[in-house]
Amino acid sequence: MATLYDRIKAGEFLFLDGGTGTELARRGIPHEDDPCWSARAVVDYPDAVREVHADFIRAGSDIIITNTFRASPLMLNACGLGDRWVEINTAAVRLAYDAIEEVGAGRQIHVIGSLATTTPAAAPIPPEEERRMFARQAMTLADAGVEAVLVEMINDIEHSRLALEGAKEAGIALWGGFSCTIGEKGVPLLYGSDIPLEQGLRALLPIGLKMVCLMHTVAGDMGPCLDVLRQHWSGPIGVAPHASRSPVPNQSVADAYTPEEYRSRARKWISSGVRILGGCCGIGPEYIRTARDGIQLLG
Ligand SMILES: [Zn+2]
């Protein structure tokens, strides 16, 4: 069987999933006042997590991202779950494979591990220790069977460097999910910062990525962000935009659009060379299904 990277290298077009966290919240999983809520769902609501993965597979996703965005040892320590981070990360990978087994018959579907750069503001730790914690999470995800580690929420240089360098130690493919926004002067910036995307790419791409994804990015900002990315990166590119207001605090963006509008935007991204399409906060299975059914893929 071809590996995920073989398929990407061969130029095959692949669909990611959408926003697992927002989909869990939409289905009633409690998310208030708990920065670890979606990680906690892995052990408290495993059926819901597996069902979200299964619904994205039914909708046509070829790649499932583990529900480990909030499951770094750093985050879980801050939530009093520090002794359960191996259990939670391992179980999250298993739930993705369980969903594939349940509804993915006859298709080749891949699992990649999400590792977010987000760190709890209240508990800064020495950089070397932070890098080691990211490394341990990535190795745990790799041991549990993911084909690549996706470092998400790259919107600074300091923590993102530690996350990428740590994740690389797992020895499997390293993907980077850069978050981009357009600044006041029309310059693409790392999301929520005043650091130009260009500067972030120059600093972090040399760490050695196999795939770069623009995610946690408003769809309307994607074009100029992609232009900058293409100037600095000749490898495979994915996009996973936001859609609509997220039910989760701090993940809400005012950019509501329908699955049909997503599909027509996706056509433009694909014609500009994007090979992997998925979604971030607010993109549910119906968006992936609509895009998958309606996009005439070339090559
Ligand atoms: Zn997002």
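Residue indices begin from 1 for each chain and proceed along its sequence in written order. Totals for whole chains, interfaces and linings use all residues, but because this is a predicted model, local features are given only for residues with pLDDT of at least 70 and pairs of side-chain atoms are given and counted only at 80 or more. Where side-chain values are given, they derive from all heavy atoms of the structure, hydrogens and water being excluded.

1. Observations regarding the environment of Gly113
Keep this limit in mind: Each helix is a run of H or I in the DSSP string that is no shorter than four residues. Each strand is a run of E no shorter than two, and both are numbered from the N terminus. Burial classification: accessible surface area is computed with a 1.4 Å probe over protein chains only, and a residue below 20% of its type maximum counts as buried, one above 50% as exposed, and the rest as partly exposed. Throughout, a contact is declared for two residues whenever any of their heavy atoms are within 4.5 Å.
Mapped onto the secondary structure, Gly113 falls in strand β3 (residues 110-116). Residue Gly113 is classed as buried on the basis of its relative accessible area, which comes to 0%. A C-alpha to C-alpha distance of 8.5 Å links Gly113 and Ile64, two positions 49 residues apart in sequence. Among residues more than four places away in sequence, those in contact with Gly113 are Thr66, Thr68, Leu141, Val146, Ala148, Val149 and Leu150.

2. Side note on the pairing of strand β9 (residues 237-240)
To be explicit about the condition: Between any two strands, at least two bridges found by DSSP are needed for them to pair. Seen with its strands pointing away from the viewer, a crossover is right-handed when the path leading from the first strand over the helix to the second is clockwise.
With burial as the criterion, each face of β9 is covered, one bearing Ile237 and Val239 and the other bearing Gly238 and Ala240. Where strand β8 (residues 211-215) and β9 come together, 4 bridges link them in parallel fashion. By the bridge assignment for β9, Met215 is matched with Ala240. Read from β8 through helix α10 (residues 222-232) to β9, the crossover connection turns out right-handed. Where β9 meets strand β10 (residues 276-277), 2 bridges bridge the pair, whose relative direction is parallel. Among the inter-strand pairings, Gly238 is bridged to a residue of β10, identified as Ile276.

3. Concerning the side chain of Ser38
Locating Ser38 in the fold gives a position in helix α3 (residues 37-44). The exposure class of Ser38 is buried, given its relative accessible area of 2%. Dropping the residues within four chain positions of it, Ser38 is found in contact with Asn67 and Arg70.

4. A closer look at the sheet that holds strand β2 (residues 63-65)
The 8 strands are arranged β1-β10-β9-β8-β5-β4-β3-β2 in an open sheet whose pairing can be described as parallel. Strand pairing shows two members of the sheet lacking a second neighbour, β1 (14-15) and β2, which therefore form its edges. As judged from the 5 bridges shared by strand β4 (residues 148-154) and strand β5 (residues 173-178), these two strands associate in the parallel manner. Note that in β5 the partner of Leu150 across the bridge is Trp175.

5. Notes on empty space enclosed by the protein
For the record, the criterion: Any residue with an atom within 4 Å of a point lines the site, the site being either a cavity, points on a 1 Å grid over the protein atoms alone where a 1.4 Å probe fits but cannot get out, or a pocket, an open set with protein on both sides within 12 Å along at least 5 of 7 lines. Grid points are joined across faces, edges and corners, and a volume is the space filled by probe spheres set on the points. The classification used treats Ala, Val, Leu, Ile, Met, Phe, Trp, Tyr, Cys and Pro as nonpolar, Asp, Glu, Lys and Arg as charged, and all other residues, Gly among them, as polar.
Across all of its chains, the model carries 1 cavity of 30 Å³ or more by this definition. The volume enclosed by the largest cavity comes to roughly 290 Å³. Around the largest cavity, the lining is made up of 23 residues, and of these Gly19, Thr20, Gly21, Phe69 and Glu152 lie nearest the centre. Looking at the lining of the largest cavity, the elements with two or more residues in it are α2 (20-26), α3 and β4. Considering every element that reaches the lining of the largest cavity, the biggest residue donor is α2, with 3 residues. A class-by-class count of the residues in the lining of the largest cavity yields 7 nonpolar, 13 polar and 3 charged.

6. Things to note about unusual backbone geometry
Notably, Asp33 is not glycine yet its phi reads approximately 55°, a positive angle. Residue Asp33 is classed as exposed on the basis of its relative accessible area, which comes to 80%. A positive phi is found at His216, a non-glycine position, where the angle reads about 50°. By secondary structure assignment, the location of His216 is in the loop between β8 and α10.

7. Some details on the state of the cysteines
The criterion, for reference: Any two cysteine sulfur atoms lying within 2.5 Å of each other are counted as a disulfide.
Going through the model one piece at a time under the given rule, you end up with 2 disulfides. What pairs with Cys36 in a disulfide is Cys79, and their sulfur atoms sit 2.0 Å apart. Around the S-S axis, the bridge from Cys36 to Cys79 shows a dihedral of about 85° and counts as right-handed. With a gap of 43 residues between them, Cys36 in the loop between α2 and α3 and Cys79 in the loop between α5 (73-78) and α6 (85-103) connect regions that are remote in the sequence. In this structure, Cys36 and Cys79 share a single accessibility class: buried. Paired through a disulfide, Cys180 and Cys225 show a sulfur-sulfur distance of 2.0 Å. Disulfide Cys180-Cys225: the torsion about the S-S bond is -80°, which places it as left-handed. With Cys180 in strand β6 (residues 180-182) and Cys225 in helix α10, this residue pair connects regions lying 45 residues apart in the sequence. The connectivity of the disulfide-linked cysteines in the protein, indexed sequentially, is 1-2, 3-4.

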